[in-house]
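Listed below are the residues making up each chain.
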Amino acid sequence: GKWSKTMIGYGAEDDHFVLELTYNYNISSYKVGNDFQGITIESSEALERARAANMTVKKDASGQSILYSPSGYKFIIVDSAQPKDRDPVVSVGISVSNMESSLKYWQGQLGMQVLHSDPALASLHFAEKQAKLELHKIDGSVDHAKAAGRIAFSIPGGELKGLEEKIKGEGGTILTPYITLDTPGKAQVQVVIFADPDGQEICFVGDEGFRDLSQVDPNGDKLLLEAMEADKSNEWFAKKGRSKMTE
C-alpha cells in the first residue's frame, strides 16, 4: 500500500502547469484508455535530451515530434526554443464523445474561453499565458481505463461554493462536494471535484490555501532522486516470490 506523490513542472504552480505523478510501489503498470490525447510542450531542448537518452522520437501525420513516457502517456514536442517568458507547456488534450455537450460544459458551466472550435477539435483557456485545454472529438465513448488522471484549477476560495451550486443547478456531476482538507503544519485547502459529460475528473481548489501548499521545494529534485534510488520494491517482490499488480 505504499505510495508517493511528486509535483513536477517547468516552474512554480502559481504560473505554470504541473504534473502530479502518483507512484504505487505495488503496481507495475496501469491500463491506458483513450481519454488522454497528450500534453504539448514547446522545447527543442526536451527533444535534444530525449535523443541523447536514446528515447524513441516518432513523427505523427502532421510532422510533429511525439514522445511516450514509460507508462504510455503521450507528449507532443514543438521543435522550437523553450520560451523563457511563459510556461513551455502549451496545452493538455482530452477526448470527448460529443463536442457540443462538452463545449456547453467547459465554456457554459465552467466559464472557459473558447479560442478555436470545429467539429473535431476545440481549444479553450481561462487566461492568457496559461496552458490551453484541447477537446478532441473521438468516435464512440471515452474509456478512462485505470490510468485516468484528474485536471485541477485554482480559483478564489470564496467562489467554490457558488461554482458548486451552479454545477448542481445545471445537473452536472459532483464527485466530491465542497470540503476543507487539513494538512498538518500547513494551510487548509478547500476542494470540490466535478466530472464532465465524459467522466473526466476536474478538481477546483481554493487559491489561498493552494498557494501555501504549492510552494517550490528547493530540494525537490534531490529528494526525488534519493527516493528513486531508495526504491527497492522490485527486489522486495522478487525476494517474496511475488509480482507487482497490473491495473
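Each remark here, short or long, concerns the structure printed above.
Since the model is a prediction, treat every value here as computed from it, not as a measurement. (Residues numbered from 1 in each chain as written. Predicted model: local features only at pLDDT ≥ 70, side-chain atom pairs only at ≥ 80, totals over all residues. Heavy atoms only, no water.)

Caption draft 1: Expanded view of unusual backbone geometry. For Lys129, which is not a glycine, the phi torsion comes out positive at approximately 65 degrees. Among the secondary structure elements, Lys129 is positioned in the loop between β10 (121-125) and β11 (132-137). Unlike most non-glycine residues, Ala145 shows phi in positive territory, near 50 degrees. By the secondary structure assignment, Ala145 is in the loop between β11 and β12 (150-155). (Helix = DSSP H or I, 4+ residues; strand = E, 2+ residues; numbered from the N terminus.)

Caption draft 2: Molecular detail of helix α3 (residues 160-169). Residues Leu160, Leu163, Glu164 and Ile167 constitute the buried set of α3. All buried residues of α3 lie within an arc of 100 degrees about the axis, which places them on one face of the element. Buried residues along α3 sit in contact with α2 (99-109), β12, β13 (173-181), β14 (189-195) and β15 (201-206). Gly171 occupies a position one or two residues after α3 and carries a positive phi of about 80 degrees. (Buried < 20%, exposed > 50% of the residue type's maximum accessible area, 1.4 Å probe, protein only. Arc of directions from axis to C-beta. Contact = heavy atoms within 4.5 Å.)

Caption draft 3: The packing of α2 against α3, seen in detail. Close contact between α2 and α3 brings their axes to 12 Å; oriented N to C, the two are set at 150 degrees. One way to sum up the angle between α2 and α3 is to call them roughly antiparallel. Where α2 crosses over α3, the two elements pack in a sense that is right-handed. Contacts from Tyr105, Gly108 and Gln109 in α2 reach Leu163, Lys166 and Ile167 in α3. Here the contact of α2 with α3 is composed, by residue class, of three nonpolar, two polar and one charged. (Axes fitted to C-alpha atoms, helices over the stretch in contact; angles between N-to-C directions. Parallel < 35°, antiparallel > 145°, perpendicular 65-115°, else oblique. Left-handed = near helix turned anticlockwise from the far one by under 90°. Nonpolar A, V, L, I, M, F, W, Y, C, P; charged D, E, K, R; others polar.)

Caption draft 4: Fine view of the packing of aromatic side chains. Under the counting rule described, the total for this entry stands at seven aromatic pairs. Taking the centre distance of 5.8 Å and the plane angle of 80 degrees together, the rings of Phe36 and Tyr73 count as edge-to-face. Here Phe36, found in strand β4 (residues 36-42), pairs with Tyr73, found in the loop between β6 (65-68) and β7 (74-78); they are 37 residues apart in sequence, far enough to count as distant. With centroids separated by 5.9 Å and ring planes inclined at 50 degrees, the aromatic side chains of Phe194 and Phe204 adopt a geometry described as tilted. (Phe/Tyr/Trp six-rings, centres within 6.5 Å; stacked < 30°, edge-to-face > 60°.)

Caption draft 5: Expanded view of the sheet that holds strand β5 (residues 58-59). Here we have eight strands laid out as an open sheet, ordered β5-β6-β7-β4-β8-β11-β10-β9, and mixed in their pairing. Looking at the sheet topology across the chains shown, the edges are occupied by β5 and β9 (113-117). Where β5 meets β6, two bridges bridge the pair, whose relative direction is antiparallel. By the bridge assignment, Lys59 is partnered in β6 with Ser65. (Pairing = 2+ DSSP bridges.)

Caption draft 6: Local environment of the pairing of β7. Alignment of β4 against β7, held across four bridges, turns out to be parallel. Paired with Ile39 across the two strands is Phe75, which belongs to β7. Looking at chain direction, β6 and β7 are connected through four bridges and run antiparallel. When the sheet's bridge partners are listed, Tyr68 is paired in β7 with Lys74. As consecutive antiparallel partners, β6 and β7 are separated by five residues, and within that stretch Gly72 has a phi angle of approximately 95 degrees, a positive value.

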